[in-house]
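Tertiary structure, described
One-letter residues, chain by chain:
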Amino acid sequence: GENVEQHPSTLSVQEGDSAVIKCTYSDSASNYFPWYKQELGKGPQLIIDIRSNVGEKKDQRIAVTLNKTAKHFSLHITETQPEDSAVYFCAAMAGGGADGLTFGKGTHLIIQP
Amino acid sequence: ETGVTQSPTHLIKTRGQQVTLRCSSQSGHNTVSWYQQALGQGPQFIFQYYREEENGRGNFPPRFSGLQFPNYSSELNVNALELDDSALYLCASSLGTGGETQYFGPGTRLLVL
């Protein structure tokens, strides 16, 4: 089955700086890669996703890049703000969807004022 | 907010008991997936329901079972509770099973004593 590795486990950046979180996946059949933000006591919230037919997607301060050959994808957050502090999860899914999403272990992003 | 609701928010059970958790999907979504999230970990896929049938299942024993109703709401049942079943249980709804975006509810926190 699919295996998703996520790094780093904790990331501390100064407010206004950029943050990058990286994930690798093992199953070449995976073709959908969402990123979720989870705040304390809440469910995961989708912040951006990418499918394997594109290499990059951007939404305001958030961007995701995908390298299918190397089987890795990354989340980039620019101009970080205190409200960006949370745990971020990457995930992967094969096209059929019946195997569900496979998640990484999460990155605790801390924005230092 | 995603429109996915779950009940109850918190639950305490003792080892060996049975529990039923409930999920109402986002309006128009016909697929519900259930995940278990242990403390400090990413969510793990339990199973998915589509058109009232189990459509896919992760690596969970048969004492984890589910139902989906004609209005697309769903239940997760866990029999013979074990201490390791203590976790946040999340449901996610989507429009279809072909790798569509999944939107998560706030979760039910289960503690098994």
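Residues numbered from 1 in each chain as written. Chains lettered and ligands numbered in written order. Predicted model: local features only at pLDDT ≥ 70, side-chain atom pairs only at ≥ 80, totals over all residues. Heavy atoms only, no water.

1. Remarks on the overall build of chain B
When helices and strands are counted, chain B shows zero helices and eleven strands. What you see in chain B, going N to C, is helices and strands ordered as β-β-β-β-β-β-β-β-β-β-β. In terms of C-alpha radius of gyration, chain B reaches 13 Å, essentially the compact-globule figure of 13 Å for 113 residues. Reported as C-alpha extents along the three principal axes, the dimensions of chain B are approximately 40 × 30 × 25 Å. Counting every position in chain B, which comprises 113 residues, the buried fraction comes to 50%. (Helix = DSSP H or I, 4+ residues; strand = E, 2+ residues; numbered from the N terminus. Rg over C-alpha atoms; globule rule 2.2 N^0.38 Å. Buried < 20%, exposed > 50% of the residue type's maximum accessible area, 1.4 Å probe, protein only.)

2. Notes on the pairing of strand E3 (residues 19-25) of chain A
All names here are of chain A. Every second residue of E3 is oriented toward a common face, the buried set being Ala19, Ile21, Cys23 and Tyr25 and the non-buried set Val20, Lys22 and Thr24. Direction of pairing for strand E1 (residues 4-7) relative to E3: antiparallel, over a ladder of four bridges. Opposite glutamine 6, over in E3, you have cysteine 23 as the bridge partner. (Pairing = 2+ DSSP bridges.)

3. Quick word on the sheet that holds E1(A)
All names here are of chain A. Read across the sheet, five strands follow the order E1-E3-E8-E7-E6 without closing on themselves; strand pairing throughout is antiparallel. Two strands in the sheet have a free side with no partner beyond their single neighbour: E1 and strand E6 (56-59). On average, each strand axis in the sheet is tilted by 15° relative to the strand beside it, whichever way the strands run. Here six bridges tie E3 to strand E8 (residues 72-77), and the two strands are oriented antiparallel to one another. (Axes fitted to C-alpha atoms, helices over the stretch in contact; angles between N-to-C directions.)

4. Some details on the sheet that holds strand E8 (residues 74-78) of chain B
All names here are of chain B. Here we have four strands laid out as an open sheet, ordered E1-E3-E8-E7, and antiparallel in their pairing. Among the strands making up the open sheet, the edge pair consists of strand E1 (5-7) and strand E7 (64-68). On average, adjacent strands in this sheet sit at an angle of 20° to one another, irrespective of strand direction. Here E7 pairs with E8 via five bridges, running antiparallel. Looking at the pairing, glutamine 68 lines up with serine 74 of E8.

5. Focus: the interface of chain B and chain A
Taken together, the contact between chain B and chain A spans 23 residues of the former and 21 residues of the latter. Interface area for chain B against chain A, summed over the two sides, is near 1,500 Å², with a carbon-plus-sulfur share of 51%. At the junction of chain B and chain A, the tally comes to zero salt bridges. Secondary-structure elements contributing two or more residues to the side of chain B that touches chain A are strand E4 (31-37), strand E5 (44-50), strand E6 (53-57), strand E9 (87-94) and strand E10 (103-104) of chain B. (Contact = heavy atoms within 4.5 Å. Buried area = accessible area lost by both parts, 1.4 Å probe. Salt bridge = Lys/Arg side-chain N within 4 Å of Asp/Glu carboxyl O.)

6. Considerations on the state of the cysteines
What the rule picks out here adds up to two disulfides over all chains. Linked covalently through their sulfurs, Cys23(A) and Cys90(A) form a disulfide whose S-S length is 1.9 Å. The sign of the -100° torsion about the S-S bond sets the Cys23(A)-Cys90(A) disulfide as left-handed. Within this pair, whereas Cys23(A) is found in strand E3, its partner Cys90(A) is found in strand E9 (residues 86-94), the two being separated by 67 residues in sequence. Between the sulfur atoms of Cys23(B) and its disulfide mate Cys91(B) the distance is 1.9 Å. One quick way to see it: the torsion about the S-S bond of Cys23(B) and Cys91(B) is about 70°, and its sign makes the bridge right-handed. With Cys23(B) in strand E3 (residues 19-24) and Cys91(B) in strand E9, the pair connects residues that are 68 residues apart, well separated along the chain. Both residues of the pair, Cys23(B) and Cys91(B), belong to the buried class. (Disulfide = S-S within 2.5 Å.)

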